[in-house]
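Here are the chains, one letter per residue:
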Amino acid sequence: MAIGAEAVLAALVAVLYGLQSESHGGEGGLGWLFGTVFALVLLAVVATIAGPAGSAMAVLPLVLLGRAVARRTGRRDNWQLTLATVAVVAVALALLIGSCVLLAGFDGPGDLLVYPVLALGLIVGLAPATLCARAAGNPGKPGARWRVLGSVALGGLGLLAATLAVGVAAYGSGVLKIYEPPRLTEADMVGTWTDGDGGSLRFEADGTVTAKDVDQYEATGERSGASDCTGKWQLTGNDGVGRPYELGIADCEGLSFGWDIGGTEERPTVFTWIGERDSGERYVLARQR
């Protein structure tokens, strides 16, 4: 059950953190709020049902391994030894998984950080559940299982409530801000916007736009070619959720619809969806001045 509580708590943190990240999927409003709450409740139910399986596969072996180490070394079986066992196993798994990730082609400026990040994540994820399972299976304390179960349930609900309260307070006070697309004026649009791969849109103050090697995509998401054309552009107000403006491009074949404003006030972008909107894939051009 502890693993299930951790999963729900992690999901809630991810939702709260994600509110400040750029998104264009219709977030906001009561519909989205109720959908998110329903998803969290559903996750809680699934996690409660799947919790025993997770314990049997991941947590109980760690408890048994800790006890086996205690017997082999002549030490007393205590929570410190169990925690040390979790740490050693987590580090070993991090080395194995991290090496596989790097061999698979992961490349980045902090690629070696994969190992400590994985190790820390595994320790944080496994340690509480393992310690709870050890306490619940203590043969010297009758009824420990039910006491631990009650403590996990109450503690989990308390942590969820506290996390939600902190998140609401952070957004309500302005410490964190829910993402909104930048509110640009027509003057802000003037300039060259590039995709970083040779494609560009040049917006002029007189309302003309010039496209050079701008990618075009089919409804299936397949790239169908590139546009080189001149047309007209217009920025108009829009009352849609999360879309304060609409960018229209006319008289330019293949680019006449589907454009949105994204990014931030400091680094705005224009983009169009690749394939269906639900795919989450976008063709993005950033302003270059």
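Residues numbered from 1 in each chain as written. Predicted model: local features only at pLDDT ≥ 70, side-chain atom pairs only at ≥ 80, totals over all residues. Heavy atoms only, no water.

J.: Got a sec to walk through the packing of helix α3 (residues 79–103) against helix α4 (residues 114–136)? Specific residues and values, please.
T.: Axis separation between α3 and α4 bottoms out at 8 Å; the angle between their running directions is 145°. For α3 against α4, the interelement crossing comes out right-handed. In the contact of α3 with α4, the residues fall into 20 nonpolar, 4 polar and 1 charged. (Axes fitted to C-alpha atoms, helices over the stretch in contact; angles between N-to-C directions. Helix = DSSP H or I, 4+ residues; strand = E, 2+ residues; numbered from the N terminus. Left-handed = near helix turned anticlockwise from the far one by under 90°. Nonpolar A, V, L, I, M, F, W, Y, C, P; charged D, E, K, R; others polar.)

J.: Got a sec to walk through the packing of aromatic side chains? Specific residues and values, please.
T.: This model, assessed by the stated rule, comprises 4 aromatic pairs. On the numbers, 5.4 Å between centres and 75° between planes, the contact of Phe203 with Trp233 is edge-to-face. With Phe203 in strand β2 (residues 200–203) and Trp233 in strand β4 (residues 223–237), the pair connects residues that are 30 residues apart, well separated along the chain. Each of the two residues, Phe203 as well as Trp233, counts as buried. Between the aromatic rings of Phe271 and Trp273, the centroid separation amounts to 5.5 Å while the plane-to-plane angle is 85°, which identifies the pairing as edge-to-face. In terms of burial, Phe271 and Trp273 fall into one category: buried. Site record: aromatic cluster; members linked through ring pairs are Trp193, Phe203 and Trp233. Residue placement shows Arg282 over the ring face of Phe271; its charged tip is 4.5 Å from the ring centre. (Phe/Tyr/Trp six-rings, centres within 6.5 Å; stacked < 30°, edge-to-face > 60°. Buried < 20%, exposed > 50% of the residue type's maximum accessible area, 1.4 Å probe, protein only. Lys NZ or Arg CZ within 6 Å of the ring centre and 35° of its normal.)

J.: Explain the side chain of Asp195 to me, and be specific about the residues and the numbers.
T.: With respect to the element layout, Asp195 can be found in the loop between β1 (191–194) and β2. Comment: no salt bridge for buried Asp195; closest opposite-charge side chain is Arg223, at 7.3 Å. Within polar-contact distance, the side chain of Asp195 engages the backbone nitrogen of Gly199 at 2.8 Å. In terms of polar contacts, Asp195 uses its side chain to reach the side chain of Tyr283, at 2.6 Å. Once you skip the residues sitting within four places of it in the chain, Asp195 turns out to touch Asp213, Tyr283, Val284 and Leu285. (Lys, Arg positive; Asp, Glu negative; His and termini not counted. Salt bridge = Lys/Arg side-chain N within 4 Å of Asp/Glu carboxyl O. Polar contact = N/O pair within 3.5 Å; in protein donor to acceptor, adjacent residues only side chain to side chain. Contact = heavy atoms within 4.5 Å.)

J.: Report on the state of the cysteines, specifying residues and quantitative values.
T.: Summed over all chains, the structure comprises 1 disulfide. Each disulfide pairs two cysteine sulfurs, and for Cys229 the partner residue is Cys252, the sulfurs being separated by 1.7 Å. Residues Cys229 and Cys252 are joined through a disulfide that is right-handed, its torsion about the S-S bond being 85°. In this pair, Cys229 is assigned in strand β4 and Cys252 in the loop between β5 (245–250) and β6 (259–263), connecting sequence segments 23 residues apart. Residue classification places Cys229 among the buried positions, given a relative accessible area of 18%. (Disulfide = S-S within 2.5 Å.)

J.: Mind laying out the environment of Glu180, listing which residues take part and the relevant values?
T.: By secondary structure assignment, the location of Glu180 is in the loop between α5 (144–173) and α6 (186–189). Classification of Glu180 as exposed rests on a relative accessible area of 54%. Distance in space between the C-alpha atoms of Glu180 and Glu22 is 7.5 Å, their sequence separation being 158 residues.

J.: With reference to specific residues and values, describe the pattern of salt bridges.
T.: Two side chains carrying opposite charge are able to pair once their charged atoms lie near each other. For the structure shown, the criterion picks out 5 salt bridges. Linking Arg134 and Asp77 is a salt bridge whose minimum nitrogen-to-oxygen distance equals 3.7 Å. You can see Arg134 sitting in helix α4 and its partner Asp77 sitting in the loop between α2 (29–73) and α3, a full 57 residues away along the chain. Two residues, Glu204 and Arg202, come together in a salt bridge whose shortest N-O distance is 3.3 Å. Among the ionic contacts, a cluster of salt bridges with common partners joins Arg67, Asp77 and Arg134.

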